[in-house]
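# Observations on chain architecture
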Amino acid sequence: MTESQTPEAHARQSAQTLSAVQRMEDALGRSEIDMTPYFHEDFTWRGNTGCGVKLGVEGFVRGWQRPFRAAFSERVYHTEKFIADGEWAACFGVCEAVHTGEFMGIAATGKTVRIPYMDFWRVVEGRIKNNPVSVDFASVMAQLGVDAFGGHGWEKFDRDAVDAPARGAENEDSRHDD
């Protein structure tokens, strides 16, 4: 909430932001290609490693939407939770899909996969302008039989298969207290 904004105005802006995001999510669910009604002309999509950065609506369509749809068909999105705060909204969930095209060098397998995601959106003038995203491609690769971490993922510490390294004095970071 900005200092000059009343709680009521903030709540109204949050609701408008969430509505703009949900309209876009519905469009993706309908497999719409034209995203210009939902994305600002200065739109930026910023993904984690493996996903890239997409500038503008055409960059998003060319660099994310088309490759994603080519790799995965029968997509069903299950957003677990949406939150909104002023001009920002966020969600997390999974997309269930069938691996029917090349993905990260892995030929189509026909397997159904769960693609975990987190999205953050900044809505300006009723359209999404900024979209930082985290899509768990390593999880998808594991479901397809490829270990993106070559056996070095930290899940091994969860299973007590390997002792977790001890924090030594040489690794102390006085800014953080774990």
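Preceding this section is the structure that the text describes.
So, a few notes on the structure that sits alongside this text. The structure presented is a predicted model; accordingly, all values stated were derived computationally and were not measured. (Residues numbered from 1 in each chain as written. Predicted model: local features only at pLDDT ≥ 70, side-chain atom pairs only at ≥ 80, totals over all residues. Heavy atoms only, no water.)

### What about the nonpolar core?
Quick reminder of the rule: Among buried residues, those of type Ala, Val, Leu, Ile, Met, Phe, Trp, Tyr and Cys that are joined through side-chain atoms within 4.5 Å constitute a nonpolar core. Exposure classes here rest on a 1.4 Å probe applied to the protein chains alone. A residue is buried below 20% of its type maximum, exposed above 50%, and partly exposed in between. Segments assigned H or I by DSSP are reported as helices when at least four residues long, segments assigned E as strands when at least two residues long, and all are numbered from the N terminus.
In terms of nonpolar packing, the biggest core is built from 36 residues, with Met35, Phe72 and Ile115 touching the most fellow members. Listed by contribution, the elements that provide at least two residues to this core are helix H1 (7-29), strand E1 (39-46), helix H2 (56-71), strand E4 (88-99), strand E5 (112-124), strand E6 (127-135) and helix H3 (137-143). Sort the elements by how many residues they give to this core and H2 lands first, with six residues.

### Points about the packing of aromatic side chains
Each aromatic ring pair is characterised by the separation of its centres together with the angle its planes make. Note the threshold: Only centres within 6.5 Å qualify two rings of Phe, Tyr or Trp (six-membered ring in Trp) as a pair; their planes then separate them into stacked at under 30 degrees, edge-to-face at over 60, and tilted for everything else.
This structure, assessed with the given rule, holds 13 aromatic pairs. Ring geometry for Tyr77 against Tyr117: centres 6.3 Å apart, planes inclined by 65°, an arrangement best described as edge-to-face. With Tyr77 in strand E3 (residues 72-85) and Tyr117 in strand E5, the pair connects residues that are 40 residues apart, well separated along the chain. With relative accessibility at 31%, the residue Tyr77 sits in the partly exposed group. Exposure remark for Tyr117: the relative accessible area of 8% places this residue in the buried category. Members of the aromatic cluster, each reached through a chain of ring pairs, are Phe39, Phe43, Trp45, Phe60, Trp64, Phe68, Phe72, Phe103 and Phe137.

### Details of the pairing of E5
Operational definition: Two strands qualify as a pair provided DSSP detects at least 2 bridges between them.
In this sheet, E5 lies alongside E4 in antiparallel orientation, the contact comprising 11 bridges. What sits directly across from Val98, in E5, is Thr112. Examined bridge by bridge, E5 and E6 share six bridges and lie antiparallel to one another. The residue bridging Met118 from the neighbouring strand is Ser134, located in E6. The hairpin formed by E5 and E6 contains two residues between the paired strands, and Glu125 there has a positive phi angle of roughly 55°.

### Concerning the sheet that holds E5
Heads up, the rule is: Axes here mean lines fitted to C-alpha atoms, for a helix over just the part in contact, with angles spanning 0 to 180 degrees between N-to-C directions. The contact criterion used is simple: two residues touch if any of their non-hydrogen atoms lie within 4.5 Å.
On the basis of which strands lie adjacent, the open sheet formed by six strands has the order E2-E1-E6-E5-E4-E3 and mixed pairing. Looking at the sheet topology across the chains shown, the edges are occupied by strand E2 (53-55) and E3. Pairs of neighbouring strands in the sheet enclose a mean axial angle of 20°, with direction left out of account. Sheet topology places E1 next to E2; three bridges connect them, and they run antiparallel. Directly across from Thr44, in E2, lies its bridge partner Leu55. Along the sheet, H1 contacts E1, E3, E4, E5 and E6; its crossing angle with E3, the most-contacted strand, is approximately 180°. Across the sheet, H2 is in contact with E1, E2, E3, E4, E5 and E6; its angle to E3 comes to roughly 130°.

### A word on the pattern of salt bridges
As a reminder, the rule being used: Basic side-chain nitrogens of Lys or Arg form a salt bridge, by our definition, when they fall within 4 Å of a carboxyl oxygen of Asp or Glu.
Counted according to the given criterion, the structure contains six salt bridges. A salt bridge links Glu58 to Arg66; the nearest nitrogen and oxygen atoms lie 4.0 Å apart. Between Arg114 and Glu96 there is a salt bridge, with the nearest N and O atoms lying 2.8 Å from each other. Here Arg114 is found in strand E5, whereas its partner Glu96 is found in strand E4, with 18 residues between them in sequence. One continuous salt-bridge network, built from bridges that share partners, spans Glu58, Arg62 and Arg66.

### Focus: the side chain of Asn131
As for its position among the elements, Asn131 is in strand E6. Those residues within four positions of Asn131 in sequence are excluded, and the remaining contacts are Phe43, Thr44, Trp45, Arg46, Asp119, Phe120 and Trp121.

### Observations regarding a nonpolar patch on the surface
What counts here: Patch membership requires more than 30% relative accessible area and the absence of a salt bridge. Residues of like charge join within 9 Å; the nonpolar side chains Val, Leu, Ile, Met, Phe, Trp and Tyr join within 5 Å. Surface accessibility follows the Shrake-Rupley procedure with a 1.4 Å probe radius. Residue values consider only the protein chains on display as shielding.
A cluster of nonpolar side chains, Trp88, Phe92, Met118 and Phe120, forms an exposed patch at the surface whose accessible area comes to about 370 Å². Of all the secondary structure elements, the ones that give two or more residues to the nonpolar patch are E4 and E5. In this structure, Phe120 sits in strand E5.

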